[in-house]
Amino acid sequence: MRSALVREARFSHVVAYGSVPQGSADAFSDLEYWAFLDPAHGAAFDVRAWLSAWLDVQHFVVNEFGTPTALLPGLRRVELHVAAQDRLPEVEGWTPQHVRPERMLIKDSDGQLARHLAVLAARRTDPAGEAQGILDRLLNWLAFGLNVLARGERIRAHELLGWVQGGLLRLARLHAGRTAHWANASRCAEQELDAMTLARYAGVTASLEGLEVAYTNAVAWTLDLAAALSLQWSAALAAGLRAATMDA
């Protein structure tokens, strides 16, 4: 793939991201790239046709996030974003974790990509600075989920529980000091989080029949983490959430 991306004259800059350039890939990892078009060659580019010329593409889709994605034999996934060259500065705004410019840079016709990657590598995530916002959104998801559960929409409440779990996992990582995978909090959670944290996380998962217990545990864990991290929340709202779990 790297060789093909370098040889493609329409690409002026190509960067790899994800576990492969991070050095943590295994047999189940995706291949992920951004390719920027040289304006001299026009703006039109057929990603599906290009990938199919190089790979055994068994399925192709533009996913929910607008990413062209190909499935290969063995369920191997390849993501290839193709963008206009004037979007190169966006690289500096990517999540600044596990940035290894020397492994990420595939093609750089004029040195611009190297400069943007250097800025990205110099940035740092701020998990503590994000914590209050995560809690605020988590409280919203809890209220939402408890309301639809009380209405009897168990499938919808189950779906919303996923947002609750995501927020809790972020706060739990911050509390445990294990924020290496902050951008994707579920990645390697089993290896990086302690047994007690994993047990509490298990307590906020559920089948459709166990939603009441999961939401009760989620409210309790949310408030415990908020207190441990010295975050701000409304006592009245906390009382309302606890009351809702008792009624569930």
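Since the model is a prediction, treat every value here as computed from it, not as a measurement.

With 31 residues, the main nonpolar core has Leu-142, Val-164, Leu-168, Leu-171 and Tyr-215 as its most contacted residues. Contributing elements (two or more residues each) for this core: α6 (127-151), α7 (154-176), α10 (211-228) and α11 (235-247). Those residues within four positions of Tyr-215 in sequence are excluded, and the remaining contacts are Leu-142, Gly-145, Leu-146, Leu-149, Ala-157, Leu-160, Leu-161 and Thr-245. In terms of nonpolar packing, the next biggest core, distinct from the first, is built from 19 residues, Leu-51, Ala-70, Leu-72 and Ile-106 among them.

We now examine the pairing of strand β5 (residues 77-84). The side chains of a regular strand alternate, first on one face of the sheet and then on the other. Bridging between strand β2 (residues 31-37) and β5 involves 7 bridges; their strand directions are parallel. Looking at β5, one finds that Leu-31 is bridged to Val-78. Taken together, the 3 bridges between strand β4 (residues 68-71) and β5 define a ladder with antiparallel strand orientation. Opposite Ala-70, over in β5, you have Val-78 as the bridge partner. Hairpin connection from β4 to β5: 5 residues lie between these consecutive antiparallel strands, with Gly-74 at a positive phi of about 80 degrees.

All told, the structure shown has 10 salt bridges when counted by the stated rule. Between Arg-77 and Asp-30 there is a salt bridge whose closest N-O contact spans 2.5 Å. Taken together, the positions of Arg-77 in strand β5 and Asp-30 in the loop between α2 (19-22) and β2 put the pair 47 residues apart, joining distant regions of the chain. Across the pair Glu-153 and Arg-151 runs a salt bridge, and its minimum N-O distance is 2.5 Å. One network of salt bridges, with partners in common, ties together Asp-30, Arg-77 and Glu-79.

A few words on the packing of aromatic side chains. To describe a pair of aromatic rings, one takes the distance between the centres and the angle between the planes. Per the counting criterion, the structure on display carries 9 aromatic pairs. Here the aromatic rings of Trp-141 and Phe-144 are separated by 6.1 Å at their centres, their planes lie at 10 degrees, and the arrangement is stacked. Of the two residues, Trp-141 and Phe-144 are both situated in helix α6; the distance of 3 residues between them amounts to about one turn of the helix. A relative accessible area of 30% places Phe-144 in the partly exposed class. Measuring from centroid to centroid gives 4.8 Å for Trp-141 and Trp-163, while their planes differ by 15 degrees, and the two rings are stacked. Placement of the pair is Trp-141 in helix α6 and Trp-163 in helix α7, with a sequence separation of 22 residues. Three or more aromatic residues joined by ring pairs form one cluster here, namely Phe-11, Phe-45, Trp-50 and Trp-54. Sitting over the face of the ring of Trp-182, Arg-170 holds its NZ or CZ atom 4.9 Å from the ring centroid.

This next bit is on the environment of Leu-37. Among the structural elements, Leu-37 can be located in strand β2. The spatial distance from the C-alpha of Leu-37 to the C-alpha of Leu-88 is 10.0 Å, given a sequence separation of 51 residues. In contact with Leu-37, other than residues within four places in its own chain, are Arg-10, Phe-11, Ser-12, Gly-42, Ala-43, Phe-45, Val-82, Ala-83, Ala-84 and Gln-85.

Let us now look at α10. Helical geometry: 3.6 residues make up each α-helical turn, so side chains three or four residues apart lie on a common side. Along its 18 residues, α10 runs 25 Å from first to last C-alpha, staying within 8% of the 26 Å computed at 1.5 Å per residue. Every buried residue of α10 is accounted for by Leu-211, Ala-214, Tyr-215, Ala-218, Val-219, Trp-221, Thr-222, Leu-223, Leu-225 and Ala-226. Of the surrounding secondary structure, the elements contacted by the buried residues of α10 are α6, α7, α9 (195-202) and α11. The first or second residue beyond α10 is Ser-230, which carries a positive phi of 55 degrees.

Below, the discussion takes up the sheet that holds strand β3 (residues 59-62). If you walk across this open sheet you meet the 6 strands as β3-β4-β5-β2-β1-β6, and the pairing is mixed. The sheet terminates laterally at β3 and β6 (105-108), the two strands that pair on one side only. Each strand axis lies, on average, 20 degrees off the axis of its neighbour in the sheet, ignoring direction. Bridge count between β3 and β4: 4 bridges; the pairing is antiparallel. Looking at β4, one finds that Val-62 is bridged to Pro-68. In the packing of helix α3 (residues 47-54) onto the sheet, the strands contacted are β1 (11-17), β3, β4 and β5, and the crossing angle to β5 comes to about 135 degrees. The sheet strands contacting helix α5 (residues 112-122) are β1 and β6, and the helix crosses β6 at an angle near 140 degrees.

Here the focus is the packing of α10 against α11. The N-to-C vectors of α10 and α11 enclose an angle of 160 degrees; their axes lie 9 Å apart at closest approach. The orientation of α10 relative to α11 falls into the category roughly antiparallel. Relative to α11, the crossing made by α10 is left-handed. Within the contact between the two elements, α10 uses Tyr-215, Thr-216, Val-219 and Leu-223 and α11 uses Ala-238, Leu-241, Arg-242 and Thr-245. Considered class by class, the residues forming the contact of α10 with α11 number 5 nonpolar, 2 polar and 1 charged.

Calculation criteria
- Residues numbered from 1 in each chain as written.
- Predicted model: local features only at pLDDT ≥ 70, side-chain atom pairs only at ≥ 80, totals over all residues.
- Heavy atoms only, no water.
- Core = buried A, V, L, I, M, F, W, Y, C linked by side-chain atoms within 4.5 Å.
- Buried < 20%, exposed > 50% of the residue type's maximum accessible area, 1.4 Å probe, protein only.
- Helix = DSSP H or I, 4+ residues; strand = E, 2+ residues; numbered from the N terminus.
- Contact = heavy atoms within 4.5 Å.
- Pairing = 2+ DSSP bridges.
- Salt bridge = Lys/Arg side-chain N within 4 Å of Asp/Glu carboxyl O.
- Phe/Tyr/Trp six-rings, centres within 6.5 Å; stacked < 30°, edge-to-face > 60°.
- Lys NZ or Arg CZ within 6 Å of the ring centre and 35° of its normal.
- Expected span 1.5 Å × (residues − 1).
- Axes fitted to C-alpha atoms, helices over the stretch in contact; angles between N-to-C directions.
- Parallel < 35°, antiparallel > 145°, perpendicular 65-115°, else oblique.
- Left-handed = near helix turned anticlockwise from the far one by under 90°.
- Nonpolar A, V, L, I, M, F, W, Y, C, P; charged D, E, K, R; others polar.

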